[in-house]
Amino acid sequence: MPGADTWRNWAGNQSATGLTVVHPAGAESIAAVLRRAAATGRRVRPIGSGHSFSAVGRPEDVQLVLDRHAALVDVTVDGLVTVQAGMPLHRLTTELARRGWALENLGDVDRQTIAGAVSTGTHGTGARFGGLATQLRALELVLPDGSLLRCSAGEHAEVFAAARVGLGALGVLSTVTLQAVPAFALRAEEGAARLPELIEGFAEHMQATDHVEFYWFPHTDRCLTKANTRVPLAECAPLSRGRALWDDEVVANGAFAAVVATGRAVPPLVPPLARVAARALGARSYTDHAHRVFVSRRRVRFREMEYAVPRAAAPDVLRELRAAVDRSDWRVPFPVEVRVAAADDVPLSTAAGRDTAYVAVHVPARSEPGGYFATFEAIAGAVGGRPHWGKLHSLDAATLAGRYPRFAEFTALRVRLDPAGVLSNAHLDRVLGSTVR
């Protein structure tokens, strides 16, 4: 039953109180919520797992939670997977693996719902691979007036194109249909590298195999590199349970949590602790089911800003960011994450129309990012960087319109589908403009 409640996101930096929280089951129940809200002048925000750092999902009146609308609907013989929008990614990948299928690419977190991940432009890494939205083949959208719209490349194509990264601003996703691929494994090779060498050979390194990323530890020149190569399932040779527990829980989470806590208590210790952390994660190689390799467990909470920049501009962005850290008095305990993705044709995708590199900066969840994030945002903005929709940034609609060639196409569609702003909030009014003319 609906009731007044509060909401807080995963990082704890976004919250809301005095909400009406509803848990509809089925498209018609979702439609009924929207019709009631429209009739009473209330705003509705669909919210998934709360993994966005920005206020994109922050509810103001009605919080629509799809935990009762989270079933696997169908998997066809050619791998078309239809799923209700509230299913978390980790459940979806497990269900697909049982049936011999996999998603072509994933990000490194799988706690989000499929709707939240798609709507905010979630991506992984891979020079030849796009974000999660590029795997969509159809979707069902409950519009603010309560009607149901089925969309694909051949049916309401203009809505399908935009709603693949729709920010929950065009309608509420009811189901999505993705193109899966036969299940595969990834051979993971992780090791140490130096930032200057990675910058100098950026293009070659990031295309050396299927999925490449690296983590630079500020206050050092040290990096952890991850290179994942797609191989048949028959080649699986996973880490032993003990090694996986030690690496991923004791070192990557437990020891890192201690480093962050110590740095918060005694900030001058951050640079020497960064050097210790950079050395703690040693080289390793293993092969496992793709979804187990793509995903990393993140138990130390943080705030994040990520910018998508033209891939050719990434080396200069990293050089400038390092120089800014070196000349500042910031104390940065979290590594900077660097990934790549192929260009796509989704209007509000951060990779729309250009091969892309992603650079992400982090601070502990209870810390204010201050000048660190602001300086990075200016560096990325100077090369036309686009902020991840689910992560922190300060841009507004006027600035974003200059970063996305099809921005006006999206906002015009939003005005047509939701003229009263039923699915809006203050954040969407800032980044997309108000629908009320």
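Refer to the structure printed above.
Because the structure is a prediction, the values reported are computed rather than measured.

**Let's talk about the packing of aromatic side chains**
Line of reasoning, step 1. Taken as a whole and judged by the stated rule, the model has 9 aromatic pairs.
Line of reasoning, step 2. Here Trp10 and Phe302 contribute two aromatic rings whose centre-to-centre distance is 5.2 Å and whose plane-to-plane angle is 75°, an arrangement assigned as edge-to-face. On the criterion of sequence distance, the pair formed by Trp10 in the loop between β1 (3-8) and β2 (15-22) and Phe302 in strand β16 (residues 302-310) is long-range, its members being 292 residues apart.
Line of reasoning, step 3. Accessibility expressed as a relative area gives 14% for Trp10, which makes it buried.
Line of reasoning, step 4. Residue class for Phe302 comes out buried when judged on its relative accessible area of 5%.

**Side note on the sheet that holds strand β10 (residues 172-179)**
Line of reasoning, step 1. An order of β5-β6-β10-β8-β9 is seen for the 5 strands of this open sheet, with the pairing classed as antiparallel. Here the strands that pair on one side only, and so sit at the sheet edges, are β5 (72-75) and β9 (148-152). Adjacent strand axes in the sheet meet at a mean angle of 15° when their direction is disregarded.
Line of reasoning, step 2. Where β5 meets strand β6 (residues 80-84), 3 bridges bridge the pair, whose relative direction is antiparallel. Within β6, the residue paired with Leu72 across the bridge is Val83.
Line of reasoning, step 3. Each of β8 (136-142), β9 and β10 touches helix α1 (residues 27-40); the most contacted strand, β8, lies at about 50° to it.

**Some thoughts on the packing of helix α10 (residues 314-326) against helix α11 (residues 370-381)**
Line of reasoning, step 1. Packing of α10 against α11 leaves a shortest axis separation of 10 Å and a crossing angle of 150°. Considering the angle they form, α10 stands roughly antiparallel to α11. Crossing angle aside, the handedness with which α10 passes α11 is right-handed. Within the contact between the two elements, α10 uses Val317, Glu320, Leu321, Ala324 and Val325 and α11 uses Tyr372, Thr375, Phe376 and Ile379.

**Things to note about α11**
Line of reasoning, step 1. Taking 1.5 Å per residue, 12 residues should reach 16 Å; α11 reaches 17 Å between its end C-alpha atoms and fits that length.
Line of reasoning, step 2. Taken together, the buried positions of α11 are Tyr372, Phe373, Phe376, Glu377, Ile379 and Ala380. For α11, the arc enclosing every buried residue in end-on projection is 160°, short of the 170-degree limit, so these residues lie on one face.
Line of reasoning, step 3. Taken together, the buried residues of α11 touch β16, α10, β17 (336-341) and β18 (356-364).

Quick notes on the rules
Residues numbered from 1 in each chain as written. Predicted model: local features only at pLDDT ≥ 70, side-chain atom pairs only at ≥ 80, totals over all residues. Heavy atoms only, no water. Phe/Tyr/Trp six-rings, centres within 6.5 Å; stacked < 30°, edge-to-face > 60°. Helix = DSSP H or I, 4+ residues; strand = E, 2+ residues; numbered from the N terminus. Buried < 20%, exposed > 50% of the residue type's maximum accessible area, 1.4 Å probe, protein only. Pairing = 2+ DSSP bridges. Axes fitted to C-alpha atoms, helices over the stretch in contact; angles between N-to-C directions. Contact = heavy atoms within 4.5 Å. Parallel < 35°, antiparallel > 145°, perpendicular 65-115°, else oblique. Left-handed = near helix turned anticlockwise from the far one by under 90°. Expected span 1.5 Å × (residues − 1). Arc of directions from axis to C-beta.

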